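# Descriptive structure summary
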Amino acid sequence: MLPESSAANKATAYEAATAFLGEWGPFQRRVFFLLSLSVVPIGLTAFSIVFLADTPDHRCALPAHLNLSAAWRNSSIPLEEDANRDGALVPSKCSRYKVENLLNYSERGLLPGADVNLSNVPKEGCLDGWEFDHSVYTSTIVSEWNLVCDESWKRPLTSSIFFCGVFTGSLISGQLSDRFGRKIVMFATIALQAVSKFIQVFSPSWIVFCALYFIVGMGQISNYIVAFVLGMEVLGPRTRTLFSTAAVSLFFGLGYMLLPLIAFFITDWRMLLLALMLPSCLCMPLWWFIPESPRWLLSQGRTEEAEAILRNAADMNNIEPPTVIFSSLQNRVKAKKRRPCNICDLLRSPNIRWISITLWVIWNTITIAYFALSLNTANLNGNPYFNCFLSALMEMPAYVLSWVMFRWCSRRLSVFSSLSSGGLFLLIIHLVPAHLTALSITFEMLGKFAVSTAFAVVYAYTAELYPTVLRNTAIGTCSTASRIGSIIAPYFIYLRTYSVSLPYILMGSLTAVAGLLSLLLPESFGMPLPDTISHMQQFPGYFDFGNTTSNSKDEEKVERIFCPTF
């Protein structure tokens, strides 16, 4: 591992060579807004399952040809207590009185309740299907394929399959873009989403829908991660802070807020999918306006292509570029003799291994809290469109705060303060008296706000800690770890059946511990982006007890053997 001053000098080489471009010229503005715009379709579809697979009110259907009196037809469904409505009696959704008994009573002229005690009438399942309420939705996948009662397990599994796709995309997108380039992988995944959603519109069965939904999830997270990394590598230090902490999150939130608006006017799930596909198609022409990452091109030894992009940028900014942008020392890349970096390199040397493990734990903990709290608020009573809009809206100030913190505060302090405060808010909830529900909800929303802030900050912080040759792989791996958290999150909410306070105690404790762990990470505030493994900052929790000189030699040896540099 290099001494900190030497590492900083080497990592500054790229930024010093490209400083002539400035920070906020026409080139940077174009990249900034177009990459942010490419995230809007992701926000539109990330939570679309809320409307695609919502369960309308339903009851057992009766054959239209049955010769039943109006009284018995109206009393054909037994009443059951609804736990979600404080035990109120509501018509059963999964059973009906036996049709043969109803026909017998109707033919004999008996009246329900007066002549026949309904509690003694035998019941049966919905043998003739269901009648669904169409006042809110024209159709959903639930009403189309009858994913209710004995088939209701398929509805949550649909979301799980989507997250499995997200998990897979997180795992492979980083390695693909580190090998083949940021731009080509980004637009390939945009196209993959558009094609998958279009085919999904014509799904003949739930199985086909889920198979395509897996692909959509895989393409969606890959698109997000690669666009994020591309912006981090193309933009200057100040601009990328705004991009990584606020712009990407705010444009995602904008797409999230547009989802309930579109779903309100398009209540058929197939037409809704078609509408959500169009923004992805509109992003495809951006291929001709978004450049490849010059940092990545340099790491692959493609210096001429990197210089061509920077000269075009200088021309757009009306700046005269230097005759030689990168010196011969920076151009010594032997990519052909070294294999590309992969996920194994995140564990190969002690310094990068401890940074990676710590970040995986932090990402996983943040995601558990974020999704568990999101799932809890999604179960609130009320209009589903308004609830979705409110859920998206509450994250917007959190993203603005994350930019403020990232712009002027220490990275470690930002992550620590947001996680520890979030954990504290969640731990306070179990101390609030049961009758003060408004106060409990307030602390829960404050916890969600703090966790959302931490999520935005840690994304950008992770990108700053890793070098160019591993950045996309590292973020993809961290995102993969976070998807494990999203799978576990529903079980935290399930713990409410044993104790209402237990989920908050567990989430609060884990979040607070993650905040303490963040203090072990290196500080990257004010430091240039590292381009190679040897440029990375030291992990204090390890190097305080290790031999820095020996570790430095190990890092350089690993880098010479495995990863390209410049």
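Residues numbered from 1 in each chain as written. Predicted model: local features only at pLDDT ≥ 70, side-chain atom pairs only at ≥ 80, totals over all residues. Heavy atoms only, no water.

## Details of the packing of aromatic side chains
Applied cut-off: What counts as a ring pair is set by centres within 6.5 Å for rings of Phe, Tyr and Trp (its six-membered ring), and what kind of pair is set by the plane angle: stacked under 30 degrees, edge-to-face over 60, tilted for all other angles. Only DSSP runs of H or I covering at least 4 residues are called helices, and only runs of E covering at least 2 are called strands; the numbering of each starts at the N terminus. Whether a residue is buried, partly exposed or exposed follows from its accessible area with a 1.4 Å probe, protein chains only, as a fraction of its type maximum: under 20%, in between, or over 50%, in that order. The rule for a charge over a ring is simple: NZ of Lys or CZ of Arg within 6 Å of the ring centre, and within 35 degrees of the ring normal.
As enumerated under the stated definition, the model contains 22 aromatic pairs in all. Between F51 and Y385 the ring centres are 5.2 Å apart and the planes differ by 10 degrees, which places this aromatic pair in the stacked class. Here F51 is found in helix 4 (residues 49-52), whereas its partner Y385 is found in helix 16 (residues 384-393), with 334 residues between them in sequence. Here F264 and Y385 contribute two aromatic rings whose centre-to-centre distance is 5.5 Å and whose plane-to-plane angle is 90 degrees, an arrangement assigned as edge-to-face. Of the two residues, F264 sits in helix 11 (residues 237-265) while Y385 sits in helix 16, which places them 121 residues apart along the sequence. For F264, a relative accessible area of 47% gives the class partly exposed. A residue is classified by how much of its surface remains accessible, and Y385, at 9% relative accessible area, is buried. Here the aromatic residues W145, F162, F163, F209, Y213 and W269 are joined through ring pairs into a cluster of three or more. Here K183 stacks its cationic end above the ring of W287, 4.4 Å away from the centre of that ring. Directly above the ring of Y370 sits K448, whose terminal nitrogen or CZ lies 5.0 Å from the centroid.

## Some details on the state of the cysteines
The cut-off we apply is this: By convention in this document, the label disulfide applies to cysteine sulfur atom pairs within 2.5 Å.
The tally for this structure, following the rule as stated, stands at 2 disulfides. Between the sulfur of C60 and that of C126 lies a disulfide, 1.8 Å long from S to S. Taking the sign of the S-S torsion, -60 degrees for the link of C60 and C126, the bridge is left-handed. Here the residue C60 occupies a position in strand 1 (residues 58-60), and C126 occupies one in the loop between strand 5 (123-124) and strand 6 (130-132), the gap between them amounting to 66 residues.

## With respect to the environment of N376
With respect to the element layout, N376 can be found in helix 15 (residues 350-378). Spatially, the C-alpha atom of N376 lies 9.6 Å from that of E444, the residues being 68 residues apart in sequence.

## A word on helix 14 (residues 303-316)
The test is simple: A helix is expected to span 1.5 Å for every residue after the first. Here the arc refers to the directions that run from the helix axis out to each C-beta atom.
Given a rise of 1.5 Å per residue, 14 residues ought to cover 20 Å, and the 20 Å separating the end C-alpha atoms of helix 14 matches this to within 8%. Buried within helix 14 we find T303, A306, E307, I309, L310, A313 and A314. Each buried residue of helix 14 lies within a common arc of 160 degrees when the element is viewed along its axis, so the set occupies one face. Those residues of helix 14 that are exposed and aimed more than 90 degrees away from the buried face are E304, N312 and D315. Where helix 14 ends, the next residue or the one after it, N318, has phi of about 60 degrees, a positive value.

## Quick word on a nonpolar patch on the surface
Selection rule: To count toward a patch, a residue needs a relative accessible area above 30% and no salt bridge. Like charges then connect within 9 Å, nonpolar side chains (Val, Leu, Ile, Met, Phe, Trp, Tyr) within 5 Å. Where accessible areas are quoted, they stem from the Shrake-Rupley method and a 1.4 Å probe; at the residue level, only the protein chains shown are allowed to cover. Definition used for salt bridges: Asp or Glu carboxyl oxygen within 4 Å of a side-chain nitrogen of Lys or Arg.
Where nonpolar side chains cluster on the molecular surface, the patch consists of L171, I172, L176, F180, I184, W287, W288 and F289 and spans about 800 Å² of accessible area. If one sorts the elements of the nonpolar patch by residue count, helix 8 (residues 154-180) sits on top with 4 residues. By secondary structure assignment, the location of I172 is in helix 8.

## Some words on the nonpolar core
Soluble, globular proteins show a tendency: their nonpolar side chains are buried together. The test is simple: Joining through side-chain atoms within 4.5 Å is the link that ties buried Ala, Val, Leu, Ile, Met, Phe, Trp, Tyr and Cys residues into a set, and such a set is a nonpolar core. Those domain boundaries reflect an automatic or database domain assignment. Contact between two residues is taken to exist if any of their heavy atoms lie within 4.5 Å; hydrogens are not considered.
In terms of nonpolar packing, the biggest core is built from 122 residues, with M186, F228, L359 and Y459 touching the most fellow members. Examining the composition of this core, we find that 15 residues originate from one element, helix 10 (residues 206-234), more than from any other. Both domain 1 (12-56 + 145-337) and domain 3 (342-545 + 553-565) contribute no fewer than three residues apiece to this core. In this view, L359 contacts V458, T462, L465, Y466, C478 and L521; residues no more than four positions away in its chain are not counted. Counting residues in hydrophobic clusters, the runner-up holds 10 residues, among them L62, L66, W72 and L102.

## A closer look at the side chain of S293
Quick reminder of the rule: Here a polar contact is taken to be a pair of N or O atoms separated by no more than 3.5 Å, where protein atoms must pair a possible hydrogen donor with a possible acceptor and residues adjacent in sequence count only if both atoms sit in side chains.
Along the chain, S293 turns up in the loop between helix 12 (269-283) and helix 13 (294-299). The exposure class assigned to S293 is buried, which follows from its relative accessible area of 0%. Side-chain polar atoms of S293 contact the side chain of E233, separated by 2.7 Å. Ignoring sequence-local partners within four residues, the contact set of S293 consists of R182, L230, E233 and V234.

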